[in-house]
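# Overview (structure and organization)
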Amino acid sequence: MTAEKLNIGIILGSTRQGRVSPQVGEWVKGIANSHGNANYEIVDIADFNLPFLGTTDGTEPGIAAWNEKLTELDGFVFIVQEYNHSISGALKNALDFAREAWHNKAAGIVSYGSTGGARAAEHLRGICGELKIADVRTHPTLSLFTDFENFSEFKPQELHLQNVTEMLNEVVAWSGALKSVR
Ligand SMILES: Cc1cc2nc3c(=O)[nH]c(=O)nc-3n(C[C@H](O)[C@H](O)[C@H](O)COP(=O)(O)O)c2cc1C
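Heads up: these notes are all about the structure in this document. (Residues numbered from 1 in each chain as written. Predicted model: local features only at pLDDT ≥ 70, side-chain atom pairs only at ≥ 80, totals over all residues.)

Across its full length, the protein holds 5 helices and 8 strands. For the protein, the α and β elements follow one another from N to C terminus as β-α-β-α-β-α-β-α-β-β-β-β-α. For the protein, whose C-alpha radius of gyration is 16 Å, the value lies close to the compact-globule estimate of 16 Å for 182 residues. Principal-axis analysis of the C-alpha atoms gives the protein an extent of 50 × 40 × 25 Å. In the protein, buried positions account for 40% of the 182 residues. When contacts within the protein are restricted to residue pairs at least 6 apart in sequence, those whose partners lie at least 24 apart make up 81%. (Helix = DSSP H or I, 4+ residues; strand = E, 2+ residues; numbered from the N terminus. Rg over C-alpha atoms; globule rule 2.2 N^0.38 Å. Buried ≥ 20, exposed ≤ 12 C-beta atoms within 10 Å, placed from the backbone. Contact = placed C-beta atoms within 7 Å.)

Right, here's the structure in full:
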């Protein structure tokens with residue numbers, strides 16, 4: 001009997017017009033698919049048209065759809081961009097819009113920014129603790145200066161491949177283990 005493959009969502013953390021996150025997400029998905037050790041899908045926060053938390057009566061269909069999508073997933077890879085030394089408001093809002101759907105799942109972080117998005121990623125790790133998301137150690141950090149052309153065209157250096165693979169392996173291992181906790 002073969003175990004059912006885990007479902008891992010690659011969450012695009014930015015919703016800004018002209019954002020580069022889809023390029024980064026597709027690159028991670030390509031690497032992930034080449035290993036074939038789980039089902040990977042891009043989850044774009046922008047598709048859910050989430051309102052700003054607490055400003056509506058909460059009946060927008062996107063809110064329920066967001067929670068349903070997260071519930072389907074066993075683990076996550078956050079594509080994180082640094083906005084004023086933290087994560088984007090869009091990602092924080094999306095994180096706040098669910099609770100149990102995050103619990104007892106694993107996540108990896110791929111970040112970018114002038115210093116690899118490290119400050120944003122560390123903030124996200126703190127949030128993951130509160131949401132009972134087990135964030136894995138290996139953390140690919142991409143530089144706006146050396147992994148992008150004109151800060152807009154994504155041209156990752158080869159050296160990141162190994163880190164992304166290692167991060168994905170950790171996410172799959174922990175996502176599988178945490179299934180028994182849920
Ligand atoms: C409001 C705002 C604040 C930013 N602050 C930082 C920052 O503190 N550190 C950094 O390295 N880059 C910062 N940047 C640059 C972004 O990391 C860069 O524009 C990146 O491409 C944003 O990701 P996105 O294109 O997916 O939206 C900022 C960009 C914006 C729009």
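There's more to say after this.
A separate point is the nonpolar core. Taken as a class, soluble globular proteins show a tendency for nonpolar side chains to be buried jointly. Within the largest apolar cluster, 48 residues are counted, with the highest numbers of intra-cluster contacts made by Val-77, Ile-79 and Val-171. Of the residues forming this core, the biggest block, 6 residues, is contributed by helix H5 (residues 160-179). Not counting residues within four places of it along the chain, the set of residues in contact with Val-77 comprises Ile-8, Ile-10, Ile-11, Val-28, Ala-107, Gly-108, Val-110 and Val-171. (Core = buried A, V, L, I, M, F, W, Y, C linked by C-beta atoms within 7 Å.)

At their nearest, the axes of helix H1 (residues 21-35) and H5 sit 10 Å apart, and the two run at 65° to each other. Taken as a pair, H1 and H5 cross one another with a handedness that is right-handed. In this structure, H1 uses Val-28, Ile-31, Ala-32 and His-35 to contact H5, whose residues at the interface are Leu-161, Val-164, Thr-165 and Leu-168. Each residue belonging to the contact of H1 with H5 can be placed in one class, and the counts come to 6 nonpolar, 2 polar and no charged. (Axes fitted to C-alpha atoms, helices over the stretch in contact; angles between N-to-C directions. Left-handed = near helix turned anticlockwise from the far one by under 90°. Nonpolar A, V, L, I, M, F, W, Y, C, P; charged D, E, K, R; others polar.)

What follows deals with helix H3 (residues 89-96). Listing the buried residues of H3 in full gives Ala-90, Leu-91, Ala-94 and Leu-95. All buried residues of H3 fall inside an arc of 135° around its axis, so they share one side. Buried-residue contacts for H3 involve helix H2 (61-72) and helix H4 (118-130). (Arc of directions from axis to C-beta.)

Not every positive phi belongs to a glycine, and Asn-84 is a case in point at roughly 45°. Within the secondary structure layout, Asn-84 lies in the loop between strand E3 (75-81) and H3. One non-glycine residue with positive phi stands out, namely Asn-150, at about 50°. Tracing the sequence through the fold places Asn-150 in the loop between strand E7 (148-149) and strand E8 (153-154).

Take the site of the ligand next. If you check the shell around the ligand, you find 13 residues, and the closest are Ser-14, Arg-19, Gln-81, Gly-113 and Ser-114. Grouping the constituent residues of the shell around the ligand by class yields 2 nonpolar, 8 polar and 3 charged. (Near = placed C-beta within 6 Å.)

The end-to-end C-alpha separation of H1 is 22 Å, in line with the 21 Å expected for 15 residues at 1.5 Å each. Looking at H1, one finds that the buried residues are Ser-21, Val-24, Gly-25, Trp-27, Val-28 and Ala-32. Axial view of H1: buried residues confined to an arc of 160°, hence all on one face. Exposed and oriented more than 90 degrees from the buried face of H1 are Gly-30, Asn-33 and Ser-34. (Expected span 1.5 Å × (residues − 1).)

With that settled, consider the pairing of E3. Most of E3 sits out of view: 7 of its 7 residues are buried. Of the two faces of E3, both are covered, the one formed by Gly-75, Val-77, Ile-79 and Gln-81 as well as the one formed by Phe-76, Phe-78 and Val-80. By the bridge criterion, 5 bridges tie strand E1 (residues 7-12) to E3 in an arrangement that is parallel. Pairing of Ile-11 across the sheet is with Phe-78, part of E3. By the bridge criterion, 7 bridges tie E3 to strand E4 (residues 105-113) in an arrangement that is parallel. (Pairing = 2+ DSSP bridges.)

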